[in-house]
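Remarks on the overall topology
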Amino acid sequence: MATETSTAAPTAADHEKVRAIREELPAVHARAYLNTGTNGPLPRRTHEVMAEYALAELEEGRIGPATWSRMGETQTAAREGVANILGCAPDEVALTHNTTEGMNIALMGLDWGPGDELVTSRTEHPGGLYPSYLIKQRHGAKIRMTRIGLKDVDPVEELRRALSPRTKAVVLSHVAWSTGMVLPLRELADAAHEVGALLICDAAQGFGHVPSKVYDLGVDAYACSGQKWACGPDGTGALFVRRDRLGDIQQTYMGYAGVKPGMSDLDGHYVPGEGARRYEAATLYGPSVRGFAASLGWIAEDVGWDWAYARIAALGRRCYERLAAIEGVTMVSPPERMAGLVHFALEGIAPSDLSAKLYERGISIRYTPYPSANRVSTGFYNTEEEIDRLAEQIEEIRKSL
């Protein structure tokens, strides 16, 4: 089983905690906010620190010693917040603008050539697939496409059939955006390493959703989004690169941190910057990075990551069971390998139309293209009543078809 799901009923303390959490998230009161897998709700304190930072830029300017000090402290706090979740050192974390940027950095940094092979899956997000397509077009590498992530496919067996001595990288998600499957990354990483390949992981749906200690998972690179399960602002993310893989993943573009200070010359010789910071773009938007750090700090200190993971999974289980009991509903997510992403289809209505009808009724979910389905994201801030209301509204829509 891929995830630990608590079956214990929520306690009075849990209900009080959820109430306090929801007070910090104004957006969850406007409608049933069941779409964290796209964008999580923004905490009040995150908005406040972003506004404070932006106001300081307006009133004090964006240059000078105080500005540089504030920027450095802000980025350090964000890296430390990410490292806390991932169980790695802060210098193994590069700050990015999103998961897709991290996937591009990791994939484009490998030394690709004709005949090299890349293994991925048709269930992957374009953030991992499209860089893979570019590698095929630009370098002549071969893509081996699998069905990993689909409900009735064993991911480890499927990967082993696709691997070969020519495999240079395996590109897979921690949690499949398209089915909600939590992949057994440790086993997949071990299989990839047996043939000398790296496992480059799209963690857009993993980071902040399920436990993500990267050394336990065995991944070589782990690209994260800040705006989803971590409830950070848009334009934030991070990339973990294992320290012993820094030499394998070369820099594709160079920012200020790309070169170690004092270690370059005008003949073009240089020593790469320290740690994963070498991969960072020259400029990150200070208010957004400050907001990212604030969201991470709030969840770590006030919510608790372990509690959040358990809450997400328990609500996901409740959602799965309620929806599976509705006549005409087909469940797409594998119940033995899921957490807070619940995929389903309702007979007689297109997923896009069902999402639109639910939005009109005050419930926000989304639909995904392959397999064609609706997707519910159960955040740690959601309530049991919202899950029940979702099921009731789907039942009413079904009866009206």
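Residues numbered from 1 in each chain as written. Predicted model: local features only at pLDDT ≥ 70, side-chain atom pairs only at ≥ 80, totals over all residues. Heavy atoms only, no water.

Regarding the pairing of strand β3 (residues 117-121)
To keep it simple, the criterion reads: Partly exposed residues are those whose accessible area sits between 20% and 50% of the maximum for their type, while under 20% is buried and over 50% is exposed, using a 1.4 Å probe and protein chains only. Strands are runs of DSSP state E lasting at least 2 residues, helices are runs of H or I lasting at least 4, and numbering of each runs from the N terminus. Between any two strands, pairing holds if DSSP finds at least two bridges. When the strands point away from the viewer, a crossover counts as right-handed if the path from the first strand over the helix to the second runs clockwise.
In terms of burial, β3 is a largely internal element, five of the five residues being buried. Covered by surrounding structure in β3 are E117, V119 and S121 together with L118 and T120, the residues of both alternating faces. Relative to strand β4 (residues 142-146), β3 runs parallel, the two sharing five bridges. For S121, the partnering residue across the bridge sits in β4 and is T146. Once you follow β3 into helix α5 (residues 126-139) and on to β4, the crossover reads as right-handed. Sheet analysis places β3 next to strand β5 (residues 167-173), joined by three bridges and oriented parallel. Its bridge partner lying in β5, V119 is registered against V170.

Some words on the sheet that holds β5
Inclusion rule: Helix axes are fitted only over the stretch in contact, all axes being lines through C-alpha atoms; the angle between N-to-C directions runs from 0 to 180 degrees.
Strand order in this open sheet of seven strands is β2-β8-β7-β6-β5-β3-β4, and the pairing throughout is mixed. One side of each edge strand has no neighbouring strand; the edge strands of this open sheet are β2 (93-96) and β4. The average undirected angle you get between the axes of adjacent strands in this sheet is 20°. Two strands pair when backbone bridges link them, and β2 and strand β8 (residues 237-241) are joined in this way by four bridges, in the antiparallel orientation.

What about the confidence of the model for the protein?
Operational definition: pLDDT: the predictor's confidence for each residue, scored from 0 to 100. Should any heavy atoms of two residues lie within 4.5 Å, those residues are considered in contact.
A residue-level look at the protein finds 98% of positions with pLDDT of 70 or above and a mean pLDDT of 96. Confidence drops under a pLDDT of 50 for residues 1-6, and excluding neighbours within four residues, the segment shows 14 contacts in the predicted structure.

A look at the environment of Y381
Our working rule: Counted as a polar contact is a pair of N or O atoms within 3.5 Å, where, for protein atoms, one must be capable of donating a hydrogen and the other of accepting one, and residues adjacent in sequence contribute only when both atoms are in side chains.
Checked against the element boundaries, Y381 lands in the loop between β15 (373-377) and α12 (384-400). The class for Y381 is buried, based on a relative accessible area of 1%. Considering only alpha carbons, one finds Y381 and E24, 357 residues apart in sequence, at a separation of 9.7 Å. Those residues in contact with Y381 that lie beyond four places of it in its chain are V18, I21, R22, L25, V28, Y33, T36 and P41. Here the side chain of Y381 touches Y33 through a polar contact of 3.4 Å, landing on its backbone oxygen.

Let's talk about unusual backbone geometry
Each neighbour pair has its own omega, and for Y370 with P371 the value is -10°, a cis peptide bond. One non-glycine residue, C231, adopts positive backbone phi at about 60°. Inspection of the secondary structure assignment puts C231 in the loop between β7 (221-225) and β8.

Quick word on the nonpolar core
Stated formally: To define a nonpolar core, start from buried Ala, Val, Leu, Ile, Met, Phe, Trp, Tyr and Cys residues and group those joined through side-chain atoms within 4.5 Å.
Grouped together as the largest cluster of nonpolar side chains are 64 residues, with contacts concentrated most on L86, L185, F207, V219, Y222 and F380. Sequence-distant contacts of F380, that is, excluding residues within four places in its chain, are made with V18, I21, W229, C231, W298, I299, V303, W307, A308, R311 and I312. Within the second largest apolar cluster, 24 residues are counted, among which are M331, F344, L390 and I397.

Describing the environment of I349
Topologically, I349 is positioned in the loop between β12 (341-346) and α11 (351-360). Here I349 falls in the buried class, since its relative accessible area comes to 13%. Put simply, I349 and I143 are 206 residues apart on the chain and 34 Å apart in space, counted from C-alpha to C-alpha. Residue contacts for I349: discarding those within four places in its chain leaves L354, K357, I397 and L401.

Description of the packing of aromatic side chains
Here is the rule: Here the aromatic set is Phe, Tyr and Trp, taking the six-membered ring for Trp, and pairing holds for ring centres within 6.5 Å; pairs whose planes are under 30 degrees apart are stacked, those over 60 apart are edge-to-face, and all others are tilted. Each ring is checked for a lysine NZ or an arginine CZ that lies within 6 Å of its centre and within 35 degrees of its normal; such an atom marks a charge sitting over the ring.
On inspection of all chains with the given rule, the structure shows six aromatic pairs. Ring geometry for W298 against F380: centres 6.1 Å apart, planes inclined by 55°, an arrangement best described as tilted. Pair noted here: W298 is in helix α9 (residues 286-303) and F380 is in the loop between β15 and α12, with a separation of 82 residues, a long-range link. Judged by its relative accessible area of 4%, W298 falls in the buried class. For the cation-ring pair, R317 lies above Y320, with the distance from its terminal atom to the ring centre recorded as 5.9 Å.

Some remarks on the sheet that holds strand β14 (residues 366-368)
Taken together, the four strands give an open sheet; going across it, the order is β11-β12-β15-β14, and neighbouring strands pair in antiparallel fashion. Both outer strands of the open sheet, β11 (329-331) and β14, are each paired with one neighbouring strand and no more. Between one strand and the next, the sheet's axes are offset by a mean angle of 40°, whatever the strand orientation. Docked against the sheet, helix α10 (residues 305-324) engages β11, β12 and β15, running at close to 10° with respect to β12.

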